[in-house]
Amino acid sequence: MGQWGWAEALDPVLSGGGGFAAAGAAWIHFAPGLAGMVQRALLYKPIDRVTRSTLVLHDLLKHTPADHPDYPLLQDALRISQNFLSSINEDIDPRRTAVTTPKGETRQLVKDGFLVELSEGSRKLRHVFLFTDVLLCAKLKKTAVGKHQQYDCKWYVPLADLVFPSLEESEHCPQVHVIPDHELEDMKMKISTIKSEMQKEKANKGQSRAIERLKKKMFENEFWLLLNSPAIPFRIHNRNGKSYLFLLSSDYERSEWREAIQRLQKKDLQAFVLSSVELQVLTGSCFKLRTVHNIPVTSNKDDDESPGLYGFLHVIVHSAKGFKQSANLYCTLEVDSFGYFVSKAKTRVFRDTTEPQWNEEFEIELEGSQSLRILCYEKCYDKTKLNKDNNEIVDKIMGKGQIQLDPQAVQTKNWHMDVIEMNGIKVEFSMKFTSRDMSLKRTPSKKQTGVFGVKISVVTKRERSKVPYIVRQCIEEVEKRGIEEVGIYRISGVATDIQALKAVFDANNKDILVMLSDMDINAIAGTLKLYFRELPEPLLTDRLYPAFMEGIALSDPAAKENCMMHLLRSLPDPNLITFLFLLEHLKRVAEKEPINKMSLHNLATVFGPTLLRPSEGESKAHLTLASDIWSHDVMAQVQVLLYYLQHPPISFTELKRNTLYFSTDV
C-alpha cells in the first residue's frame, strides 16, 4: 500500500471530500470508528499533493535537457518541495506512527527496518521496530493468499533495560561466522546471470511464466545474499540477562540504530513487562505502523524504478570543518549494491587537527548503486580498545551523511562539487561518474616512450627485461610491506597518488624507488592494476580470448587441462613470463588470506577482467548491457584466472619443453 498504507486505502472514499479538518491536532491515536480514520486521512491529503507534485517535478527534470532555460527553475522547484517534505517529516511521524498504551500514553514508532539476527547459530531476517520506550524484534508470519499479514514477536526489550555490551562483555557472546567472500561473489554472478536472462526474455517478449520463474529464482538468490553478507556485529543486552546479536553490512547503519536508541534513553524511562494482550496489540500495530515495507532486494523493485548506476564513481574528499577540538581524523565512503551497503574507500588519517585537508581522489566501482555515504571517524590508537569481533580498533564516528546518486546530476564530464552536513560537521567533496563501457576502453598511448598504454613486447624489448620494470617494482613493494594489508588490491588507492606514480614510471624518473617506498601501499597496488588495465591489448591477448572462453567452459577435467595449458604455451614470451610472475605473486598474497582477507577468488575477481577483457575492436562482439556488471563474459574471465591460481605451480621451462609435442595453432 505504500509508505502511508492505511491512508492510501481510504483515498478513494475521500476523493470527493475537502477541507483540512482538525489542522491543529498535535497527536493522532488509532481511535475506533470511521470518523477518526477519515480525520487522519484528511490531515494527510495536503501532504499527499506535495508528494505527488515532487514526483512530477522529478520526472519533468529527468526529461528536460540540462541546457534548457527551464532546467534551473525546475531544479529550484524540486529542491523547495523536497526541503518542505523534509522539514515536516518530524511533525508527521508522530501522527502516523503512534499507538496508545493501556495507560493512555502515546507510544511512538521512531525507526524500523530489516536486520539479520544471529539466533541459535543461524542467520534469520527480522523486522525490528524501535518505539519510544521499547525495542521489538518481529518476524512476518506466513499467511495464505488474500489473508491479512501479521507479525510474530520474537522478543522485546524495554529501553530502560537495554544496554550495549562493553568490549570485555562481548567476548562471552557468540562469535560471528563470516561467509567466505568467494561464496558471496559467486552468488552475485548468479544474480547477474538471471538478470541477463530476464532482460532477454522481456526483449524477446517471452512468456510471463518464464519471467516469473526467473523472478522467483532471483529473489531466492538475493535473499540469500542479504542474509549472508552482513558481518558487522551489533549487540543488544537486556539487564535481566538475555543478549541478542544482529549482523549489519554497514557501520553507518549500526551507528544509526545505536544513536536512535541512545537519544530515547536520555528521557526518564521506566522498566515494564508487557502482558500477553498488550504484546499482541503492540505487535498487531506494527503492520500498520511500519515505514519499511519490502525486503531491500532488486526483485522487489517496480520495472519503472531506477536500476541504479553501473560504472565508476570518482570522488575527491577535499576537507572538513566544524570539529570542536583537534583529533586524528579520516573518512570512509560506502555505496549500496545488491540491496546492502559496502565500504569502498578510506582517506588517510589527518593528525591532530580541527580542519583536515585530505584532497584525496578515489575511483569506486558501482553495481546498481543509488546512494553514497560518507562517514567521518576519529582514529583510536589505544591498543586496549581492540574489537574482538574483527580484530580492528574501534574508531569513534564523529559524523555521517548520505546523498542520492542522481543519474542526471552525476553523469556529466565535469566534476560536481557538494557539501554534506553531519552532526555540525561539514565535509566538502566532488564527484563525477564514468559509465562502465567508457571506463573500460583500452586506448593505446600516443607516447610510445612510456610504459602505460604501450605493448608489453615493446616495453620489455626496450628495457631488455623479461618482465616490465613497473610490474617487478610494484610487486616487490607489495610483498615487502603490503601483503598483510586488509583488502590489498580490493581497496581503492588515492587516485592522485596513482596518477603521480604513473607519471614517474612513464618518465622513467630516477626517484621511482624513493617515491615507491614513501607511497601508500594501496596506491602502489592500484598502479599495478592500472598498468594492466591500460595495456593496448589484454595480457592474455585478443587473439586467444575466444579460445580462453571456450576452454574454461569445458566440462571434462583432462580436456580442460590440456586446452588451458596449450593456451598458455601459445602466448608471446613476454606476456607468458609476466603472467606467470604475477600468478605466483597473487598466490603468495592469498596465502595471507586469514590476515589480508584476500582469497584466490577475490584476487581473480579483481584481476580477471583486467587481464582478459578484449580491446575495444575485439570487444564489440562481446558487448553486454551496461547494467550487467557480472555478465557472462566477466564471470568467465574471473574463472579463467581462478583456474590458473588454483593450479599447481606452472613452470615456463616445462611449458616450453612441452611445446614440441603440441601444435601452436589455436
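Remember, predicted model here, so these are calculated numbers, not experimental data. (Residues numbered from 1 in each chain as written. Predicted model: local features only at pLDDT ≥ 70, side-chain atom pairs only at ≥ 80, totals over all residues. Heavy atoms only, no water.)

As for the overall build of the chain
Moving on, step 1. Counting secondary structure elements, the chain contains 23 helices and 17 strands.
Moving on, step 2. Across the 666 residues that make up the chain, the buried fraction comes to 49%.
Moving on, step 3. With the model as given, the accessible surface of the chain reaches about 33,800 Å², and the carbon-plus-sulfur share is 52%. (Helix = DSSP H or I, 4+ residues; strand = E, 2+ residues; numbered from the N terminus. Buried < 20%, exposed > 50% of the residue type's maximum accessible area, 1.4 Å probe, protein only. Areas by Shrake-Rupley, 256 points an atom, 1.4 Å probe, with all protein chains shown as cover.)

Thoughts on the pattern of salt bridges
Moving on, step 1. Taken as a whole and assessed by the stated rule, the structure comprises 16 salt bridges.
Moving on, step 2. Between Glu-534 and Lys-502 there is a salt bridge, with the nearest N and O atoms lying 3.1 Å from each other. One end of the pair, Glu-534, is in the loop between helix 15 (521-533) and helix 16 (545-552); the other, Lys-502, is in helix 13 (residues 495-507), with 32 residues separating them in the sequence.
Moving on, step 3. Owing to a relative accessible area of 18%, Lys-502 belongs among the buried residues under this scheme.
Moving on, step 4. It is possible to trace a salt-bridge network through shared partners that takes in Arg-348, Glu-360 and Asp-497. (Salt bridge = Lys/Arg side-chain N within 4 Å of Asp/Glu carboxyl O.)

Overview of the state of the cysteines
Moving on, step 1. One pass over the full model with this rule turns up 0 disulfides.
Moving on, step 2. Sulfur of Cys-137: no disulfide; nearest cysteine sulfur belongs to Cys-153 and is 7.6 Å away. (Disulfide = S-S within 2.5 Å.)

Quick word on helix 8 (residues 276-289)
Residues spaced three or four apart along an α-helix point in a common direction, a consequence of the helix completing one turn every 3.6 residues.
Moving on, step 1. The first and last C-alpha atoms of helix 8 sit 20 Å apart over 14 residues, in line with the 20 Å expected at 1.5 Å per residue.
Moving on, step 2. All of the buried residues along helix 8 are Leu-282, Thr-283, Ser-285, Cys-286, Phe-287 and Leu-289. (Expected span 1.5 Å × (residues − 1).)

Thoughts on the packing of helix 5 (residues 181-203) against helix 20 (residues 600-612)
Moving on, step 1. Viewed as axis vectors pointing N to C, helix 5 and helix 20 meet at an angle of 45°, and their least axial separation amounts to 8 Å. Looking at the two axes, helix 5 sits oblique to helix 20. Every pair of crossing elements has a handedness; the one defined by helix 5 and helix 20 is left-handed. For the pair helix 5 and helix 20, contact is made by Asp-181, His-182, Glu-185, Asp-186 and Met-189 and by His-601, Asn-602 and Thr-605, respectively.
Moving on, step 2. By residue class, the composition of the contact of helix 5 with helix 20 is 1 nonpolar, 4 polar and 3 charged. (Axes fitted to C-alpha atoms, helices over the stretch in contact; angles between N-to-C directions. Parallel < 35°, antiparallel > 145°, perpendicular 65-115°, else oblique. Left-handed = near helix turned anticlockwise from the far one by under 90°. Contact = heavy atoms within 4.5 Å. Nonpolar A, V, L, I, M, F, W, Y, C, P; charged D, E, K, R; others polar.)

Remarks on the packing of helix 13 against helix 15
Moving on, step 1. At a minimum axis distance of 9 Å, the contact between helix 13 and helix 15 shows a crossing angle of 60°. In this view, helix 13 runs oblique relative to helix 15, as classed from their interaxial angle. The way helix 13 lies across helix 15 gives a crossing that is right-handed. From helix 13, Asp-497, Ile-498, Gln-499, Leu-501, Lys-502 and Phe-505 reach across to helix 15, where they touch Ala-523, Ile-524, Gly-526, Thr-527 and Leu-530.
Moving on, step 2. Here the residues of the contact of helix 13 with helix 15 are counted per class, giving 6 nonpolar, 3 polar and 2 charged.

Regarding the nonpolar core
Moving on, step 1. With 71 residues, the main nonpolar core has Tyr-489, Phe-532, Phe-548, Phe-579 and Tyr-644 as its most contacted residues.
Moving on, step 2. Apart from residues no more than four positions distant in its own chain, Phe-548 is found in contact with Leu-540, Met-564, Leu-567, Leu-612, Val-640 and Tyr-644. (Core = buried A, V, L, I, M, F, W, Y, C linked by side-chain atoms within 4.5 Å.)

Structural notes on the packing of aromatic side chains
Moving on, step 1. Counted according to the given criterion, the structure contains 15 aromatic pairs.
Moving on, step 2. Ring geometry for Phe-452 versus Tyr-531: centroids 5.9 Å apart, planes at 85°, classification edge-to-face. Placement of Phe-452 in the loop between helix 10 (436-439) and helix 11 (456-463) and of Tyr-531 in helix 15 is noted, with a sequence separation of 79 residues between them. Exposure class is identical for Phe-452 and Tyr-531. Each is buried.
Moving on, step 3. Grouped by ring-pair contacts, the aromatic residues Trp-155, Phe-164, Phe-234, Tyr-244 and Phe-246 constitute a single cluster.
Moving on, step 4. The side chain of Arg-373 reaches across the aromatic face of Phe-341, ending 3.5 Å from its centre.
Moving on, step 5. Above the face of the Tyr-252 ring, Lys-400 is positioned so that its terminal group lies 5.5 Å from the ring centre. (Phe/Tyr/Trp six-rings, centres within 6.5 Å; stacked < 30°, edge-to-face > 60°. Lys NZ or Arg CZ within 6 Å of the ring centre and 35° of its normal.)

Here we look at the sheet that holds strand 13 (residues 357-369)
Moving on, step 1. Overall, antiparallel pairing links the 4 strands, which are arranged 13-9-17-16 in an open sheet. Of all strands in the sheet, those with a lone pairing partner are strand 13 and strand 16 (416-422), marking the two edges. Sheet twist, expressed as the mean angle between neighbouring strand axes with direction ignored, is 30°.
Moving on, step 2. Across 10 bridges, strand 9 (residues 309-321) lies against strand 17 (residues 425-435) in antiparallel orientation. The partner of Gly-311 across the bridge, within strand 17, is Ser-435. (Pairing = 2+ DSSP bridges.)

Describing the pairing of strand 10 (residues 327-337)
Moving on, step 1. Of all 11 residues that make up strand 10, 11 are buried, and the element is covered over most of its length.
Moving on, step 2. Neither face of strand 10 is exposed, since Ala-327, Leu-329, Cys-331, Leu-333, Val-335 and Ser-337 on one face and Asn-328, Tyr-330, Thr-332, Glu-334 and Asp-336 on the opposite face are all buried.
Moving on, step 3. When strand 10 meets strand 12 (residues 350-353), the two strands line up antiparallel, connected through 2 bridges. Residue Leu-329 lies in a different strand from strand 12, and its bridge partner there is Phe-350.
Moving on, step 4. Two strands pair when backbone bridges link them, and strand 10 and strand 14 (residues 371-378) are joined in this way by 7 bridges, in the antiparallel orientation. Residue pairing in the sheet places Leu-329 in a bridge with Glu-378 of strand 14.

Looking at the pairing of strand 17
Moving on, step 1. Here strand 16 pairs with strand 17 via 7 bridges, running antiparallel. Residue pairing in the sheet places Glu-421 in a bridge with Lys-426 of strand 17.

Brief notes about the side chain of Ser-465
Moving on, step 1. The residue Ser-465 is located in the loop between helix 11 and helix 12 (469-481) in this model.
Moving on, step 2. Since its relative accessible area comes to 16%, Ser-465 is described here as buried.
Moving on, step 3. Within the structure, Ser-465 has its side chain in polar contact with the side chain of Glu-463 (distance 3.1 Å). (Polar contact = N/O pair within 3.5 Å; in protein donor to acceptor, adjacent residues only side chain to side chain.)

Observations regarding the environment of Ala-523
Moving on, step 1. Its place among the elements puts Ala-523 in helix 15.
Moving on, step 2. C-alpha separation for the pair Ala-523 and Ile-498, spaced 25 residues apart in sequence, amounts to 5.3 Å.
Moving on, step 3. Those residues in contact with Ala-523, other than ones at most four positions away along the chain, are Gly-493, Asp-497, Ile-498 and Leu-501.

Considerations on the side chain of Thr-605
Moving on, step 1. Inspection of the secondary structure puts Thr-605 in helix 20.
Moving on, step 2. Of note is the side chain of Thr-605, whose polar atom sits 2.8 Å from the backbone oxygen of His-601.

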